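Breakdown of the fold
Here's the letter readout for the chains.
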Amino acid sequence: MNEVRVNRKAAGRVASGHPWIFSSDLTDRDGAQPGAAVKVGDERGRALGTAHYSSTSQIALRLLSRQVEEIGRDFYLRRLRAAEAFRARVVRDSDAYRVVHGEADLLPALVVDRYGDYLVVQTLDQGMDSAKAEILSCLDEIYRPKGVIARNDAAVRAKEQLPLESGVLAGHVPETVTVRMNGLHLQADLLRGQKTGIYLDQRENYLAAARYAHGGKALDCFTSTGGFALHLARECESVEAVDSSAQALGTAKANARANGIDNIEFRQADVFELLAGYANAHRQFSLVVLDPPAFAKSRGSVEGAMRGYKEINQRALRMLGPGGVLVTCSCSHHVSEAMLLELTAEAALDANRTLRVLERRTQAQDHPILLTVPETLYLKCLILEVL
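Because the structure is a prediction, the values reported are computed rather than measured. (Residues numbered from 1 in each chain as written. Predicted model: local features only at pLDDT ≥ 70, side-chain atom pairs only at ≥ 80, totals over all residues. Heavy atoms only, no water.)

1. Observations concerning the sheet that holds strand β20 (residues 380–386)
Judged by pairing direction, the sheet is mixed, and its seven strands sit side by side in the order β16-β15-β14-β17-β18-β20-β19 without closing on themselves. Here the strands that pair on one side only, and so sit at the sheet edges, are β16 (264–268) and β19 (355–361). Mean inter-strand twist for the sheet, computed between neighbouring axes without regard to direction, equals 15°. The pairing of β19 with β20 spans six bridges and is classified as antiparallel. Bridge pairing links V357 to L384 in β20. (Pairing = 2+ DSSP bridges. Helix = DSSP H or I, 4+ residues; strand = E, 2+ residues; numbered from the N terminus. Axes fitted to C-alpha atoms, helices over the stretch in contact; angles between N-to-C directions.)

2. What to know about the packing of helix α8 (residues 271–280) against helix α9 (residues 302–317)
In the contact formed by α8 and α9, the axes pass within 9 Å of each other and the chain directions differ by 35°. Here α8 and α9 pass one another in a crossing that is left-handed. Across from F272, L275, A276 and A279 in α8, the residues of α9 making contact are G308, E311, I312 and R315. Here the contact of α8 with α9 is composed, by residue class, of five nonpolar, one polar and two charged. (Left-handed = near helix turned anticlockwise from the far one by under 90°. Contact = heavy atoms within 4.5 Å. Nonpolar A, V, L, I, M, F, W, Y, C, P; charged D, E, K, R; others polar.)

3. Regarding the pairing of strand β18 (residues 320–330)
Within β18, eight of the 11 residues are buried, leaving the element largely enclosed by the surrounding structure. Examined bridge by bridge, strand β17 (residues 285–290) and β18 share five bridges and lie parallel to one another. By the bridge assignment for β18, L290 is matched with T328. Where β18 and β20 come together, six bridges link them in antiparallel fashion. For V327, the partnering residue across the bridge sits in β20 and is I383. (Buried < 20%, exposed > 50% of the residue type's maximum accessible area, 1.4 Å probe, protein only.)

4. Notes on the state of the cysteines
Inspection of the entire model under this criterion finds zero disulfides. C236 forms no disulfide, and the closest cysteine sulfur to it belongs to C221, at a distance of 13 Å. C236 gets classed as buried once you look at its relative accessible area, which sits at 7%. (Disulfide = S-S within 2.5 Å.)

5. Thoughts on helix α10 (residues 337–350)
Here α10 contains 14 residues, and its C-alpha end-to-end distance of 20 Å stays within 8% of the 20 Å for a straight helix at 1.5 Å per residue. By the burial criterion, the buried members of α10 are L340, L343, T344, A347 and A348. Along α10, the residues classed as buried sweep out an arc of 145° about the axis, all on the same side. Seen from the open side of α10, the exposed residues pointing more than 90 degrees away from its buried face are A338 and L349. Phi for N352, located one or two positions after α10, is positive at around 60°. (Expected span 1.5 Å × (residues − 1). Arc of directions from axis to C-beta.)

6. Examining the sheet that holds strand β7 (residues 96–101)
Reading across from one edge, β7-β8-β9-β10-β11 is the order of the five strands in this open sheet, with mixed pairing throughout. Both edges of this open sheet fall to β7 and β11 (165–171), since each of them pairs with a single strand only. Between one strand axis and the next, the sheet turns through 20° on average, direction left out of account. With four bridges connecting them, strand β9 (residues 118–123) and strand β10 (residues 147–152) associate as parallel partners. Each residue of the ladder has a partner; that of V120, found in β10, is I149. The strands touched by helix α4 (residues 132–143) within the sheet are β7, β8 (110–115), β9, β10 and β11, with β9 carrying the most contacts at an inclination of about 155°.

7. Overview of the packing of aromatic side chains
This structure, assessed with the given rule, holds three aromatic pairs. Ring centres 6.1 Å apart and planes at 25° place the aromatic pair Y278 and F285 in the stacked group. In this arrangement the basic side chain of R283 is found over the ring face of Y278, its NZ or CZ atom lying 4.3 Å from the centre. (Phe/Tyr/Trp six-rings, centres within 6.5 Å; stacked < 30°, edge-to-face > 60°. Lys NZ or Arg CZ within 6 Å of the ring centre and 35° of its normal.)

8. A word on the layout of surface pockets
Empty space among the atoms becomes apparent when a probe as large as a water molecule is rolled across them. The calculated volume of the second largest pocket comes to roughly 350 Å³. Along its surface, the second largest pocket is lined by 24 residues, and Y199, F222, D243, D291 and P293 are the ones closest to its centre. When the residues that make up the lining of the second largest pocket are grouped by side-chain class, the tally is 11 nonpolar, seven polar and six charged. (1 Å grid on protein atoms, 1.4 Å probe; cavity = no way out; pocket = protein on both sides within 12 Å on 5 of 7 lines; lining within 4 Å. Points joined across faces, edges and corners; volume = space filled by probe spheres on them.)

9. What about the nonpolar core?
Counting residues in each nonpolar core, the largest one holds 41 residues, and the members touching the most others are Y115, L190, L232, I264 and V327. Tallying contributions element by element places helix α6 (residues 227–233) first for this core, with five residues. Not counting residues within four places of it along the chain, the set of residues in contact with I264 comprises A229, L230, A233, V239 and A241. Grouped together as the second largest cluster of nonpolar side chains are 31 residues, Y278, L326, V335 and V386 included. (Core = buried A, V, L, I, M, F, W, Y, C linked by side-chain atoms within 4.5 Å.)

Here it is in structure tokens:
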């Protein structure tokens, strides 16, 4: 392997438990090739581990191991088996879950999701993309899937000068796949659906929200394929589920029919406009869910995102009376839980509501979080009660 040398700042970052080393911190690339596994050494030549090298991204090195070791099929098989063993411990009542969560499974820039007999793979940097054949071989040995899809349409691949593309890598994949989740049967469009098909990271939060639904009418905003709405329908008199995407709502309606649920009204609308209209009309609900897409996709957009989050929370709170429950989420990595708590508190003051925190939640356990890698924590979910 080539040996890439890094400065003291990068060595300190590795010592603090973070796997990323930035291009500006490299002192000698030693002719490393794009996507290659390289030995990483500090300025004095002491080994820091083994990493994938990227020739174009600001994240030039992603540490694979704290040891200097060969990175090949055996390495990937060990890591993938360890990831699956963890899921066997934490996933319940679902055959749809995240198999590999990148850095959190010590496989940076690799995402693998399972949908029953099918797998969806994302190789998000030059190193994992170069290792795709070995990774697919290991996945086939572990899962024997009927089909594997690449969803390499994530914008981050452009920073690696990798093409944005999606398609079937192996086997045959139907237009929609039916999976089990929390006692429900859900349809997933693996080629065109949100993320890699459906929102797997909210699986445990769906159940948590339903625990606080005690009859009455619920409003599920940004419902997508109906995740929260379908779970709430079992506990509420009725649910109104809103989204701007006709395609997503079509899947949500099919999910409701497949599960014999007939107390959900699906509505295509702009959620900001709908919330403003409902708040002005003094509409009342017993529970409101806000699960918007990421408003802050970069640090520069945080200020505008905070205004957007505060606005929808304030309008939602105006529709909740005493005993009402607000489930408010943010999947923007750049908006921390502390920021979400602060803006929700400000929204509550503006709406003249007093809130009690029932639960502070994150993404499902199959999307693990590394304590020293804050980027692995992105989903925040607050469950709040109006007093």
